[in-house]
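Now for the letters of each chain:
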Amino acid sequence: VYLVLGSTLAAAGNTPIDLDSADYFFYGELGLSYAGWSVGGAGDIDGDGLDDMVIGAPGSRRSAGVSTGASYIVLGSTLAASVSSSIDLEDIEVAVVGAAVGDSLGESNTIAGDIDADGFDDLLVGALLKV
């Protein structure tokens, strides 16, 4: 997953931006994690005033095995503190992970707003959940 910041887009004007020039690159922990299957803004999940984003990886094995899946929440503060533009999703500390093999959690993700009125944006994540 590539992130191109608005300031980079503005500076480029009408000039195409090569992905090698993206501000950040996020990669999955395994070649078949399908990191980036779904991506999106996550609002301000942690309430720090910075927008966050979510990256779905339905093939991730981060929790219980093959294709349990994961949705990684990349906090704006994580990017601000990052010393590298290349970020391994395995190092992202906030993740929602599937519970069972084949859940494929992270196939879809979307911000839900502040459903419970606690001052934090909420997130919907899709999973197959075979019962």
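Definitions and cut-offs
Residues numbered from 1 in each chain as written. Predicted model: local features only at pLDDT ≥ 70, side-chain atom pairs only at ≥ 80, totals over all residues. Heavy atoms only, no water. Helix = DSSP H or I, 4+ residues; strand = E, 2+ residues; numbered from the N terminus. Rg over C-alpha atoms; globule rule 2.2 N^0.38 Å. Buried < 20%, exposed > 50% of the residue type's maximum accessible area, 1.4 Å probe, protein only. Contact = heavy atoms within 4.5 Å. Pairing = 2+ DSSP bridges. Patch = residues over 30% accessible without salt bridge, like charges linked within 9 Å, V, L, I, M, F, W, Y side chains within 5 Å. Areas by Shrake-Rupley, 256 points an atom, 1.4 Å probe, with all protein chains shown as cover. Salt bridge = Lys/Arg side-chain N within 4 Å of Asp/Glu carboxyl O. Phe/Tyr/Trp six-rings, centres within 6.5 Å; stacked < 30°, edge-to-face > 60°.

(A) Region of interest: the overall build of the chain. From N to C terminus, the chain includes 2 helices and 9 strands. Element order for the chain, N to C, with α for helix and β for strand: β-α-β-β-β-β-α-β-β-β-β. For the chain, the C-alpha radius of gyration of 15 Å lies close to 14 Å, the compact-globule estimate for 131 residues. Viewed in the frame of its principal axes, the chain has a C-alpha envelope of about 50 × 40 × 25 Å. Counting over 131 residues, the chain shows a buried share of 34%. Nonlocal contacts in the chain, meaning residues at least 24 apart in sequence, comprise 51% of its contacts between residues at least 6 apart.

(B) Here's a closer look at unusual backbone geometry. Non-glycine residue Tyr 34 carries a positive phi angle of around 55°. Relative to the assigned elements, Tyr 34 resides in the loop between strand S2 (24-27) and strand S3 (38-43). At Ser 104, a position not held by glycine, the phi torsion is positive, near 50°. By secondary structure assignment, the location of Ser 104 is in the loop between strand S7 (95-97) and strand S8 (109-113).

(C) Examining the sheet that holds strand S1 (residues 2-3) more closely. Read from one edge to the other, the open sheet built from 3 strands follows the order S1-S2-S6, with strand pairing classed as mixed. Each edge of the open sheet is held by one strand with a lone partner, namely S1 and strand S6 (86-88). Examined bridge by bridge, S2 and S6 share 3 bridges and lie parallel to one another. Residue pairing across strands places Tyr 27 opposite Asp 88, the latter belonging to S6.

(D) Quick peek at a nonpolar patch on the surface. A contiguous nonpolar patch, built from Tyr 2, Leu 19, Phe 25 and Tyr 27 and spanning about 350 Å² of accessible area, is present on the exposed surface. If you trace the backbone, Leu 19 turns up in the loop between helix H1 (6-12) and S2. By relative accessible area, Leu 19 is classed as partly exposed at 44%.

(E) Quick look at the packing of aromatic side chains. Taken as a whole, this structure holds 4 aromatic pairs when the rule is applied. Ring geometry for Tyr 2 versus Phe 25: centroids 5.0 Å apart, planes at 40°, classification tilted. Residue Tyr 2 is located in strand S1, and its partner Phe 25 is located in strand S2; the two are separated by 23 residues in the primary sequence. Judged by relative accessible area, Tyr 2 falls into the partly exposed class, the value being 41%. Its relative accessible area of 31% is what places Phe 25 among the partly exposed residues. An aromatic cluster of at least three residues, connected via ring pairs, comprises Tyr 2, Phe 25 and Tyr 27.

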